[in-house]
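Examining the three-dimensional arrangement
Now for the letters of each chain:
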Amino acid sequence: MSVGPFQHPILGRLLGDDALAACFDAAADVEAMLDFERALARAEAAEGLIEPAAAESIAMDLARFEADYDALAEGTARDGVVVPALLKQLRTRLSPQAAKALHKGATSQDVIDASAAIRLKRAASIIDGRLADLIGRFDEWEAKAGATTVMAHTRMQAAKPTVFARKLAAWRDPLARCRGRLSELSDRAFVLRFGGAVGDRADLGERDQAVADHVAAELGLASSATSLHSERDGIAEFASWLSLVTGVLGKFGQDAALSLQNEVGELKLAGGGGSSAMPHKSNPVGPEVLVTLARFNATLLAGLHQSLVHENERSGAAWTLEWMLLPQMATATGAATRVAGEVLAHLSLAPGGKDD
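Bear in mind that the values here come from a model prediction, so they are computed numbers and not experimental data.

**Brief notes about the environment of alanine 53**
- With respect to the helices and strands, the residue alanine 53 is situated in helix H4 (residues 52-63).
- The class of alanine 53 is partly exposed, set by a relative accessible area of 44%.
- A sequence separation of 44 residues divides alanine 53 from glutamine 97, and the C-alpha atoms of the two residues are 8.8 Å apart.

What follows is the structure, encoded as structure tokens:
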């Protein structure tokens, strides 16, 4: 047991996912925040709000920036957000003109929310690609063994024979629907939340929407007519999607584990886990992990929904809760897609089926 299992040197191989974890490390966070500041400077130069030379200087100098993470940690402990300390480091490397232009009309929440949206979109793309692969694997299994007759079970009891394709559809089809949901919700989840000090973009004057549209386009995010600083339904919707994915894969894991019981013997799993006391056992570790990750995300989702309560124009408490929960939920979902792929690579119908 550990405080953080996903990047633990031992538990990480069981429960973690390196590709997803990389979306949420400190370096990725800082780089995405710098991407926002560069995009903002270019947008404001294009709209005549700062000098083009200042935007060019910001772009060049930020590309060479190396963060002092200890100083950022100290600043965050003091301010509750990293941005003031980050801007302090950045401005020491800029000309006076560029230092003054940097971050014009923005606030800490704009920077942090943009970084989160960029990295969550990256994580979602990884997960979506893996879902497509899993669907393809289920299709291949159906082509090979879908016509095989297996026993259906209702309420944990043997019911009537059915074709294996029916079970495969129950595991595969919800994954396809999850992919469709992601496409539909993307513009609400991966959106530029940009509003300045109190969410009204007042410091940008009549060019505010043009600047927001420019920044969003450069960062690959959807644009919005309002800041969305305290309107977090899009984030909660994405968290719900993460929990749906792990729940669907958890159902596959639970069914597989039940079918692998010696008394049932419908499936076989090559390379199951061993036991320290009973060497004859081959434990369904992968299917069990899928169930665990499903329950983990379902539990965290309730906490994420608590972060919908952003009081007034900005909440420090609800906002910080998002930072704690979303990376864990995304990493758990990535781990579930990774484990499901590993399970499928070693899972087959028991002897007597067409694919044994």
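**Quick notes on the packing of aromatic side chains**
- The tally for this structure, following the rule as stated, stands at eleven aromatic pairs.
- Their ring planes at 45° and their centres at 6.2 Å tell us that phenylalanine 138 and tryptophan 171 sit as a pair that is tilted. Remark: tryptophan 171 occurs in helix H9 (residues 164-189) and phenylalanine 138 occurs in helix H8 (residues 108-145); sequence separation between them is 33 residues. Note on accessibility: phenylalanine 138 and tryptophan 171 belong to one class, buried.
- Relative to phenylalanine 238, the ring of phenylalanine 190 lies with its centre 5.1 Å away and its plane at 70°, an arrangement referred to as edge-to-face. Placement of the pair is phenylalanine 190 in the loop between H9 and helix H10 (208-219) and phenylalanine 238 in helix H11 (residues 233-259), with a sequence separation of 48 residues.
- The class of phenylalanine 238 is buried, set by a relative accessible area of 2%.
- Following the ring pairs from residue to residue traces out a cluster consisting of Phe138, Trp141, Phe164, Trp171 and Phe252.

**Here we look at the packing of H8 against H9**
- Close contact between H8 and H9 brings their axes to 9 Å; oriented N to C, the two are set at 155°. When the axis of H8 is compared with that of H9, the two are roughly antiparallel. In the packing of H8 onto H9, the handedness of the crossing is left-handed. Packed against H8, whose contacting residues are Ala124, Asp128, Leu131, Ala132, Leu134, Ile135, Phe138, Asp139, Trp141, Glu142 and Ala145, the element H9 presents Phe164, Ala165, Leu168, Trp171, Arg172, Leu175, Ala176, Cys178, Arg179 and Leu182 at the interface.

**Concerning the nonpolar core**
- Counting 103 residues, the largest nonpolar core has Phe36, Trp141, Leu192, Phe238 and Trp241 as the members making the most contacts within it.
- With 15 residues, H8 is the single largest residue contributor to this core.
- Sequence-distant contacts of leucine 192, defined by excluding residues within four places in its chain, comprise Phe36, Ala114, Ala212, Val215, Ala216, Leu219, Leu221, Ala222 and Ser224.

**A word on the packing of helix H3 (residues 26-46) against H4**
- Where H3 meets H4, the axes come as close as 8 Å, and the angle between the chain directions of the two elements is 165°. Overall, the two elements H3 and H4 adopt an arrangement that is roughly antiparallel. When the axes of H3 and H4 are compared, the crossing they make is left-handed. Contact with H3, carried on its side by Leu34, Glu37, Arg38, Ala41, Arg42 and Ala45, involves Pro52, Ala55, Ile58, Ala59, Leu62 and Ala63 of H4 and no other residues of that element.
- Here the residues of the contact of H3 with H4 are counted per class, giving nine nonpolar, no polar and three charged.

**Some words on the pattern of salt bridges**
- For the structure shown, the criterion picks out 19 salt bridges.
- Residue aspartate 17 is joined to arginine 130 by a salt bridge in which the shortest nitrogen-to-oxygen separation is 2.4 Å. One end of the pair, aspartate 17, is in the loop between helix H1 (12-15) and helix H2 (18-22); the other, arginine 130, is in helix H8, and 113 residues separate them in sequence.
- Arginine 188 is the salt-bridge partner of glutamate 237, the closest N and O atoms lying 2.7 Å from each other. Of this pair, glutamate 237 sits in helix H11 while arginine 188 sits in helix H9, placing them 49 residues apart in sequence.
- In this structure arginine 188 comes out as partly exposed when scored by relative accessible area, which is 33%.
- A cluster of three or more residues bridged by salt bridges with shared partners is formed by Asp139, Glu142, Arg172 and Asp173.

**Topic: the side chain of threonine 246**
- Structurally, threonine 246 can be placed in helix H11.
- Judged by relative accessible area, which is 0%, threonine 246 ranks as buried.
- For threonine 246, the side chain forms a polar contact with the main-chain oxygen of serine 243, separated by 3.1 Å.
- Setting aside residues up to four positions removed in sequence, threonine 246 forms contacts with Leu290, Leu293, Ala294, Asn297, Ala332, Thr333 and Ala336.

What counts and what doesn't
Residue numbers run consecutively from 1 along every chain, following the written order of its sequence. For this predicted model, a pLDDT threshold of at least 70 governs which residues receive local features, and a threshold of 80 or more governs which side-chain atom pairs are given and counted, while totals over whole chains, interfaces and linings are taken from all residues. Side-chain numbers here rest on the full set of heavy atoms in the structure, without hydrogens or water. The numbering of helices and of strands both runs from the N terminus, where a helix is a DSSP run of H or I of at least 4 residues and a strand a run of E of at least 2. Burial here depends on accessible area, computed with a 1.4 Å probe over protein chains only, as a share of the maximum for the residue type. Under 20% is buried, over 50% is exposed, and the range in between is partly exposed. Pairing of aromatic rings covers Phe, Tyr and Trp, the last counted by its six-membered ring, and requires centre-to-centre distances within 6.5 Å; plane angles under 30 degrees mean stacked, over 60 mean edge-to-face, and any other angle means tilted. The axes used here are C-alpha line fits, helices contributing only the stretch in contact, and every angle between their N-to-C directions lies in the interval 0 to 180 degrees. Note that the term roughly parallel is reserved for angles under 35 degrees, roughly antiparallel for angles over 145, roughly perpendicular for angles of 65 to 115, and oblique for everything else. Should the near helix be turned anticlockwise from the far one by less than a right angle, the crossing is left-handed, and should it be turned clockwise, the crossing is right-handed. The criterion used for residue contact is that any of the two residues' heavy atoms lie within 4.5 Å. In plain words, nonpolar cores are sets of buried Ala, Val, Leu, Ile, Met, Phe, Trp, Tyr and Cys residues tied together by side-chain atoms within 4.5 Å. Residue polarity is assigned by list, with Asp, Glu, Lys and Arg as charged and Ala, Val, Leu, Ile, Met, Phe, Trp, Tyr, Cys and Pro as nonpolar; anything else, Gly included, falls into the polar class. Definition used for salt bridges: Asp or Glu carboxyl oxygen within 4 Å of a side-chain nitrogen of Lys or Arg. Identification of polar contacts relies on pairs of N or O atoms within 3.5 Å, with a donor-acceptor requirement for protein atoms, meaning one able to donate a hydrogen and the other able to accept it, and with residues adjacent in sequence counted only if both atoms are side-chain atoms.

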